[in-house]
Amino acid sequence: MSDRVDYFDDIAELQKDVGFTQAVRVGEMVYLSGTAALKPDFTAAHPGDFDKQLEFVYDAIGRSLAHFGANHNDIVREVMYVTDMQKLRDAIPKRKQYYGDGPFPASTGVEVRSLVLPELMIEVEVSARLP
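Residues numbered from 1 in each chain as written. Predicted model: local features only at pLDDT ≥ 70, side-chain atom pairs only at ≥ 80, totals over all residues. Heavy atoms only, no water.

## Details of the overall build of the protein chain
Here is the rule: Think of it this way: any DSSP run of H or I at least four residues long counts as a helix, any run of E at least two long counts as a strand, and we number them from the N terminus. Partly exposed residues are those whose accessible area sits between 20% and 50% of the maximum for their type, while under 20% is buried and over 50% is exposed, using a 1.4 Å probe and protein chains only. Two residues form a contact once any of their heavy atoms are found within 4.5 Å. Computed by Shrake-Rupley with a 1.4 Å probe, the accessible areas treat only the displayed protein chains as cover when residues are assessed.
The helix and strand tally for the protein chain stands at four helices and six strands. Sequence-ordered secondary structure for the protein chain, helices as α and strands as β, is β-α-β-β-α-β-α-α-β-β. Relative to its 131 residues, the protein chain shows a buried fraction of 42%. Sequence separation of 24 or more characterises 68% of the internal contacts of the protein chain that already satisfy a separation of 6 or more. Of the roughly 7000 Å² that the protein chain leaves accessible, carbon and sulfur atoms contribute 50%.

Laid out in structure tokens, this is it:
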């Protein structure tokens, strides 16, 4: 795959130890790994605060996309993993702020029992088409 470009973010050493990259560009598509509210020391940011974790996640997604010259409006697919579906429903207006008036991605919300750390409440995986 000669046109593949990997992007490691601020937890690059952890990503390399575990065996994944934050984002991969292949052709005109960018695929982001699930993004959670993880600080560089692999601890949870904003434990117990769903809205703050959501902001952290979408801001981190924005930085990863910007690395490739894209933004939230270039996202075509989104999967949100949450530990409490009601908290996601309550946070929909905050989530929509990142997409403005659209275009909106094809989106799926999945409630899970837990994420990689027990303090994490949301993880978001996206795919984007480069402008």
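## Examining the packing of aromatic side chains
Defined as follows: Paired rings are identified among Phe, Tyr and Trp, the last through its six-membered ring, by centres lying within 6.5 Å, and are further divided according to the angle between planes into stacked (under 30 degrees), edge-to-face (over 60) and tilted (the rest).
A complete count under the given rule lists two aromatic pairs for this structure. Pairing Tyr 58 with Tyr 98 gives two aromatic rings, centres 5.2 Å apart and planes at 25 degrees, and the pair type is stacked. Of this pair, Tyr 58 sits in helix 2 (residues 50-67) while Tyr 98 is found in the loop between helix 4 (92-96) and strand 5 (106-111), placing the two residues 40 residues apart along the sequence. Each member of the pair, Tyr 58 together with Tyr 98, is buried. Ring geometry for Tyr 58 against Tyr 99: centres 6.3 Å apart, planes inclined by 80 degrees, an arrangement best described as edge-to-face. Here Tyr 58 is found in helix 2, whereas its partner Tyr 99 is found in the loop between helix 4 and strand 5, with 41 residues between them in sequence. Comparing Tyr 58 with Tyr 99 shows no difference in burial state: the two are buried.

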